[in-house]
Amino acid sequence: MATSATHVHDHDSGEGLLSVEDAREKVLSQVQPLATINLPLTESHGCVLAEDAVASSDIPDFPSSAMDGFAVRSSDVAAASPASPVELTIVGRAPIGRRPEATVGGGEAVRIATGAPVPAGADTIVPIENCEATGDRVRILAASPEGKHIRPAGEDVKAGEVLVARGRRLGGPELALLAAAGFSHPLVHPRPRVVVLSTGDELIAPPGSPGYGQVRDSNAYLLFGALREVGAAPVLAGIVRDEVDELRDTVISRAVQADAFVSSGGVSVGERDVVKAAFFRRGDVEFFKVAMQPGMPQGFGTIEGKPYFGLPGNPVSVFVSFEVLIRPAILKMMGRTNLFRPEITARLTADVSGPKGKTQFARVLVRPEGDGYVASPTGGRGSNLIATVARANGLAIVPPGVQTAAAGTEVTVMVFRAPED
Ligand code: AMP
Ligand code: MG
């Protein structure tokens with residue numbers, strides 16, 4: 001992406017901040033794909049396959065008819081025409097899902113249904129509209145070459161072929177193919193179970209009525225949605241007060257059922273910054289500042305061997321931090337290799353200014369116009385303005401060193417929702 005990979009020393013932004021790319025590297029280096037597990041087909045939906053799935057037999061595994069009609073020998077009907085029909089003896093039926101009642105010898109025909117197995121001896125199907133059947137006799141009015149209207153065995157997949165390659169994410173069509181081939185529990189990287197915590201003495205659970213100065217916890221829902229959309233399994237652990245022991249107890253008690261933790265709030269330098277107080281001294285969670293706006297202070301590490309992502313408290317910071325730093329890490333845990341959002345180039349409809357020396361991620365609404373895209377800022381810059389995210393579908397990237405990206409100029413936009421969607 002269009003960000004600098006070096007440390008930023010511009011004083012306007014504070015010295016020694018970690019660049020966005022370095023922060024991303026740091027976070028990614030701390031997570032690994034989850035250990036593989038055999039899951040039932042429905043549970044494996046959305047997961048990445050961990051080994052090639054190979055067909056043990058042909059699909060389909062028997063030749064079948066593509067038409068209603070008669071299964072015959074092509075040599076018997078080679079000279080048939082409306083003027084000189086060929087008359088054959090009907091020796092039985094070939095129904096769907098069962099063994100044909102008879103085989104086809106010279107001068108014989110078997111009445112066959114679409115999808116039914118082709119009886120032995122027959123090598124072609126004459127569609128019903130070219131046949132006149134009376135009693136046990138059928139008059140064939142047209143020739144039908146060998147193989148005509150027969151779906152051969154192995155037409156879809158041959159035995160030994162790779163059905164779904166390792167590394168492929170399982171969608172409906174892949175599941176259908178595995179089901180057709182008889183797989184019941186493919187080997188996949190499971191969905192990470194991510195425990196979500198909201199820290200803050202001022203928080204109350206929605207939809208409760210806030211007392212003076214209280215705030216409804218919205219971050220839990222932001223993270224729930226973001227985690228669901230990326231394919232993880234969020235577990236909301238609720239609101240944790242700004243008490244070191246309470247946070248520690250909550251996290252440790254949840255560790256057995258978690259593959260990762262995401263908390264919001266309490267990572268900067270104020271006295272109430274509980275995440276820092278709870279985990280800083282353990283040495284396994286590192287707190288640092290990233291040269292980005294919004295979303296600067298972050299804490300990352302492992303607690304009880306599980307990745308811990310400590311995000312800032314402001315909802316827009318949570319969203320941007322998740323998009324830029326956490327989402328790629330969750331995808332890596334899922335065994336995915338394409339970790340980043342698509343980026344497009346769009347023309348700004350209004351100025352976007354940010355702090356010099358930091359990468360600014362500005363909420364924009366992108367829409368197609370002419371041959372390209374235009375991006376309109378959805379509101380103010382404040383990192384408390386969650387409505388500006390709810391109206392947006394992209395984050396315009398204003399790189400460090402650019403103070404104002406002017407209306408009419410082109411910017412790179414990380415698209416988090418399809419413009420039509
Ligand atoms: P903090 O980083 O804990 O100082 O929080 C920064 C700002 O984000 C404060 O104004 C908090 O009230 C707000 N905030 C923190 N957590 C949440 C949350 N879960 N939902 C909504 N706002 C929050
Ligand atoms: Mg707080």
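Look up a bit, the structure's there.
Residues numbered from 1 in each chain as written. Chains lettered and ligands numbered in written order. Predicted model: local features only at pLDDT ≥ 70, side-chain atom pairs only at ≥ 80, totals over all residues. Heavy atoms only, no water.

A. View of the nonpolar core. Of all hydrophobic cores here, the largest spans 44 residues; its most connected members are Phe-309, Ile-330 and Phe-361. The element contributing the most residues to this core is helix α6 (residues 315-333), with twelve residues. Among the domains, domain 1 (2-35 + 190-333) and domain 4 (342-415) are the pair contributing at least three residues each to this core. Aside from chain neighbours lying at most four places away, what touches Phe-309 is Val-27, Val-31, Ala-260, Phe-261, Val-262, Ser-263, Gly-299, Phe-300, Ile-326, Ala-329 and Ile-330. Of all hydrophobic cores here, the second largest spans 18 residues; its members include Ala-255, Phe-261, Val-267 and Val-285. (Core = buried A, V, L, I, M, F, W, Y, C linked by side-chain atoms within 4.5 Å. Buried < 20%, exposed > 50% of the residue type's maximum accessible area, 1.4 Å probe, protein only. Helix = DSSP H or I, 4+ residues; strand = E, 2+ residues; numbered from the N terminus. Domains from an automatic or database assignment. Contact = heavy atoms within 4.5 Å.)

B. Examining the sheet that holds strand β19 (residues 285-289) more closely. Spatial ordering of the open sheet is given by β17-β14-β18-β22-β21-β19, a layout of six strands whose pairing is mixed. The sheet is open, and its two borders are formed by β17 (233-240) and β19, each paired with just one other strand. Looking at each pair of strands side by side, their axes are set apart by 15° on average, direction ignored. (Pairing = 2+ DSSP bridges. Axes fitted to C-alpha atoms, helices over the stretch in contact; angles between N-to-C directions.)

C. Layout of the pattern of salt bridges. If you walk through the whole model with that rule in mind, you get ten salt bridges. With its nearest N and O atoms 2.7 Å apart, the salt bridge here joins Arg-168 to Glu-174. According to the relative accessible area criterion, Glu-174 is buried, its value standing at 13%. Linking Arg-248 and Asp-245 is a salt bridge whose minimum nitrogen-to-oxygen distance equals 3.8 Å. (Salt bridge = Lys/Arg side-chain N within 4 Å of Asp/Glu carboxyl O.)

D. Just the sheet that holds strand β13 (residues 187-189), in detail. Taken together, three strands build an open sheet; the order of strands is β1-β13-β2 and the sheet is antiparallel. Single-partner strands in this sheet number two, and they are β1 (37-38) and β2 (48-49). The sheet contact formed by β2 and β13 spans two bridges and is antiparallel. Its bridge partner lying in β13, Leu-49 is registered against Val-188.

E. Structural context of the site of ligand 1. Near ligand 1 you find 14 residues, and of these Glu-202, Asp-217, Ser-218, Asn-219 and Gly-266 are the closest. Asp-217 has a polar side-chain atom sitting 2.8 Å from a nitrogen atom of ligand 1. Measuring from an oxygen atom of ligand 1, one finds a backbone N or O atom of Gly-266 at 2.9 Å. Bound to the protein, ligand 1 loses 76% of the 490 Å² it would expose on its own. (Near = heavy atom within 4 Å. Polar contact = N/O pair within 3.5 Å; in protein donor to acceptor, adjacent residues only side chain to side chain. Areas by Shrake-Rupley, 256 points an atom, 1.4 Å probe, with all protein chains shown as cover.)

F. Highlighting the packing of helix α1 (residues 20-29) against α6. Where α1 meets α6, the axes come as close as 9 Å, and the angle between the chain directions of the two elements is 30°. Here α6 runs roughly parallel to α1, going by the angle between their axes. In this structure, the crossing between α1 and α6 has a hand that is right-handed. When α1 is examined against α6, the residues Val-20, Ala-23, Arg-24, Val-27, Leu-28 and Ser-29 are found in contact with a partner set consisting of Val-324, Leu-325, Pro-328, Ala-329 and Lys-332. A breakdown of the residues in the contact of α1 with α6 according to their chemical character gives eight nonpolar, one polar and two charged. (Parallel < 35°, antiparallel > 145°, perpendicular 65-115°, else oblique. Left-handed = near helix turned anticlockwise from the far one by under 90°. Nonpolar A, V, L, I, M, F, W, Y, C, P; charged D, E, K, R; others polar.)

G. Local environment of helix α4 (residues 244-254). Looking only at α4, the buried set comprises Leu-247, Thr-250 and Val-251. One side of α4 carries all its buried residues, which in axial view fall inside an arc of 90°. Those residues of α4 that are exposed and angled more than 90 degrees off the buried face are Asp-245, Asp-249 and Ser-253. Considering only its buried residues, α4 is in contact with β14 (193-199), β17, β18 (260-264), α5 (274-279), β21 (297-303) and β22 (306-311). (Arc of directions from axis to C-beta.)

H. Expanded view of the environment of Val-316. If you trace the backbone, Val-316 turns up in helix α6. Residue classification places Val-316 among the buried residues on the basis of a relative accessible area of 0%. A sequence separation of 68 residues divides Val-316 from Asn-384, and the C-alpha atoms of the two residues are 5.9 Å apart.

I. Fine view of the pairing of strand β8 (residues 124-127). Because side chains alternate across β8, one face comprises the buried residues Thr-124 and Val-126, and the other comprises Ile-125 and Pro-127, equally buried. Bridge analysis of strand β5 (residues 69-72) against β8 gives four bridges, and the strand direction is antiparallel. Bridging from a neighbouring strand, Ala-71 pairs with Ile-125 of β8.

J. Here's a closer look at the environment of Asp-156. Along the chain, Asp-156 falls in the loop between β11 (150-151) and β12 (162-164). Linking Asp-156 and Cys-47, residues 109 residues apart in sequence, is a C-alpha distance of 24 Å. Filtering out sequence-adjacent residues up to four positions away, Asp-156 remains in contact with Ile-59 and Pro-60.

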